[in-house]
Amino acid sequence: MLQTMDKEARLTEEAHRLYGLLRTVSKDKNSHWSYEDCLKAAPYTLSINRFKKEQNAVILAHSYSTPDLVYGVADYRGDSYELACKARETTADIIVFAGVWFMAETAKILNPGKKVLIPAGRAGCTLADAMTGTDMKKLRALHPGVPALCYINSLAEVKAECDACVTSGNVFDIAQKFLSDKLIFVPDLLMAKNLEAELQRRGTPKEIISFGGSCCVHDKYRPEDVEKLRTDYPGIKIIAHPECPIEVCRLCDYVGSTKGMFSYVGSSKDKMFGMLTEFGLVNRLEAEYPDKKFIWPFGVCSYMKKNTLENTLEALVDPRPEQLVEVAPELAAAAKKSIDKMFELAQ
Ligand code: SF4
């Protein structure tokens, strides 16, 4: 009886902890996280946090994964670059990566001695999956001598064929460090257009050769979405990710990486922001800037949302084969060169 009461008290305490973190966060367009939602999540977050400690595991959650993971169990939360840095430096025995496959693969490449688990299994990404290593080899053969950059949202086999990897936060600065008048940038065609425009704006123009990939979340925004936000919410500041079409980015007040958007909101005196990006980032901003208002028209990454509390617990307790991340050593070594080059150039 006493044990039952103890258990109930622990669950209630955990639900209150979660509710304190999530009560300002939208669950969907029409509702926020409720105490009942937190009570349902509590048995999972308690178990995950216990197993995590027992197994010396660290949980890295991308900002686009669900808020119960991001705030309930993650040790670190952030964008691809921030989490790649954490994966590289962690001393934990196990890395659990609540993200998509290329992110977990990057973690394994950067810290091959660790066991790397991805709760969602082989969760794809329309951008990363748009291009294979063979595609990249063909593209380079068509443009001999042209330096090649790949977005971190690419498969290891593509990274292995490139000179350096980049993220949305460092792509402009790194591209500028190459002195050639042409650059290959893959796989995102829309970000390639934004890159070309930004280099032009900075007075260091380059012809950017790209591929046909795009993010199925960010490629959906249109100039009309920006216009509607401005009409419906006078004075609103509109921010977008550089994976959006250039005609959209040109109309926004700020364009930048996930981390960049966070800093923009944090340092702005404005109170209302239109968010042309994935819902998870909106949730993070709602949690961390409860005094500001975020208007989000649409945009959910179904791949990121495949990570749940249930499969995170499963990965920690008894992982399915597809939750265990392995990368062939030769491929990992070649891909690591381009990732290491990014760390060097991002200094
Ligand atoms: S939001 Fe876009 S780029 Fe990010 S994982 Fe989803 S599909 Fe890929």
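Definitions and limits used
Per chain, residues are indexed from 1 in the order of the written sequence. Local features in this predicted model are restricted to residues whose pLDDT is 70 or higher, and side-chain atom pairs enter the listing and the counts only when it is 80 or higher, whereas totals over whole chains, interfaces and linings include all residues. Per the convention used, a helix needs a DSSP run of H or I reaching at least four residues, while a strand needs a run of E reaching at least two, with both numbered from the N terminus. Note on method: radius of gyration uses C-alpha positions; expected globular size equals 2.2 Å times residues raised to 0.38. Field definition: a residue is buried when 20 or more other C-beta atoms are found within 10 Å of its C-beta, exposed when 12 or fewer are, and partly exposed for counts in between, with C-beta atoms placed from the backbone. A pair of residues counts as a contact when their C-beta atoms, built from backbone coordinates, are separated by no more than 7 Å. For helices, the fitted line uses only the C-alpha atoms of the stretch in contact; every axis is such a line through C-alpha atoms, and the angle between N-to-C directions lies from 0 to 180 degrees. Between 65 and 115 degrees an angle is taken as roughly perpendicular, under 35 as roughly parallel, over 145 as roughly antiparallel, and anywhere else as oblique. Polar here means any residue outside two lists: the nonpolar Ala, Val, Leu, Ile, Met, Phe, Trp, Tyr, Cys and Pro, and the charged Asp, Glu, Lys and Arg; Gly therefore counts as polar. The rule is simple: place the C-beta atom from the backbone, and if it lies within 6 Å of a molecule or strand, the residue is near it. We treat two strands as partners when DSSP finds at least two bridges between them. Joined through C-beta atoms within 7 Å, a set of buried Ala, Val, Leu, Ile, Met, Phe, Trp, Tyr and Cys residues constitutes a nonpolar core. Either an automatic procedure or a domain database provided the assignment from which the domain bounds are taken.

Q: What is the right way to look at the overall build of the protein chain in this model?
A: Scanning the protein chain from N- to C-terminus turns up 15 helices and 12 strands. Computed over its C-alpha atoms, the radius of gyration of the protein chain comes to 21 Å, within 12% of the 20 Å expected for a compact globule of 347 residues. If one aligns the C-alpha atoms of the protein chain with their principal axes, the spans along those axes are about 75 × 55 × 30 Å. Per-residue burial over the protein chain gives 48% buried out of 347 residues. The contacts in the protein chain between residues at least 6 apart in sequence include a share of 68% that link residues at least 24 apart.

Q: I would appreciate a short explanation of the packing of helix H5 (residues 101-110) against helix H15 (residues 329-345) in the present structure.
A: When two helices pack together, their arrangement is captured by the angle between the axes and the distance separating the axes. H15 packs onto H5 with a crossing angle of 95 degrees between their chain directions and a minimal axis gap of 9 Å. As the angle between them shows, H5 and H15 are arranged roughly perpendicular. Counting all contacts with H5, which are made through Thr106, Ile109 and Leu110, the residues of H15 involved are Ala332, Ala335, Lys336 and Ile339. Each residue belonging to the contact of H5 with H15 can be placed in one class, and the counts come to five nonpolar, one polar and one charged.

Q: Before we go on, may I ask you to explain unusual backbone geometry in this structure?
A: Excluding glycine, a negative phi dihedral is what most residues carry, and trans is how most peptide bonds are arranged. A cis amide bond links Val186 to the next residue, Pro187, at an omega of -5 degrees. When you line up the elements, Pro187 lands in the loop between strand S7 (182-186) and helix H9 (189-201). Of note, the phi angle at Asn56 is positive, near 50 degrees, even though the residue is not glycine. If you trace the backbone, Asn56 turns up in the loop between helix H2 (35-54) and strand S1 (57-62).

Q: What am I meant to see in the site of the ligand here?
A: Around the ligand, the structure places 13 residues, and the nearest of them are Cys125, Leu127, Cys215, Val217 and Cys301. Of the residues in the shell around the ligand, the class split is 10 nonpolar, two polar and one charged.

Q: Please explain the sheet that holds S1 as it appears in this structure.
A: The pairing of strands in a sheet comes from backbone hydrogen bonds and takes either a parallel or an antiparallel form. Strands sit in the order S2-S1-S3-S4 across an open sheet of four strands; the sheet is parallel. The open sheet has two free edges, formed respectively by strand S2 (76-78) and strand S4 (115-117), since each of these has just one partner strand. Direction aside, neighbouring strands of the sheet carry axes that sit 20 degrees apart on average. Taken together, the three bridges between S1 and S2 define a ladder with parallel strand orientation. Following the sheet pairing, His62 is matched in S2 by Gly78.

Q: Would you mind showing me how to read the nonpolar core here?
A: One broad trend across soluble globular proteins is that nonpolar side chains are buried collectively. In terms of nonpolar packing, the biggest core is built from 109 residues, with Leu60, Phe97 and Leu149 touching the most fellow members. Take this core: its biggest share by element is seven residues, from H5. When sequence neighbours within four positions are dropped, the list of residues in contact with Leu60 reads Ala74, Tyr76, Leu83, Lys86, Ala87, Ile95, Phe97 and Ala98.

Q: What should I look at first to understand the domain arrangement of the protein chain in this one?
A: Bring the parts together and some accessible area is lost; that lost area is often taken as the interface size. We note that the domain assignment places domain 1 (2-124 + 304-323), domain 2 (128-215) and domain 3 (218-295) within the protein chain. Listed as interface residues are eight residues of domain 1 and, on the opposing side, nine residues of domain 2. Listing elements by their share of the side of domain 1 that touches domain 2, those giving two or more residues are helix H4 (80-89) and H5. With four residues, H5 is the largest single contributor of residues to the side of domain 1 that touches domain 2. When its residues are assigned to classes, the side of domain 1 that touches domain 2 shows four nonpolar, three polar and one charged.

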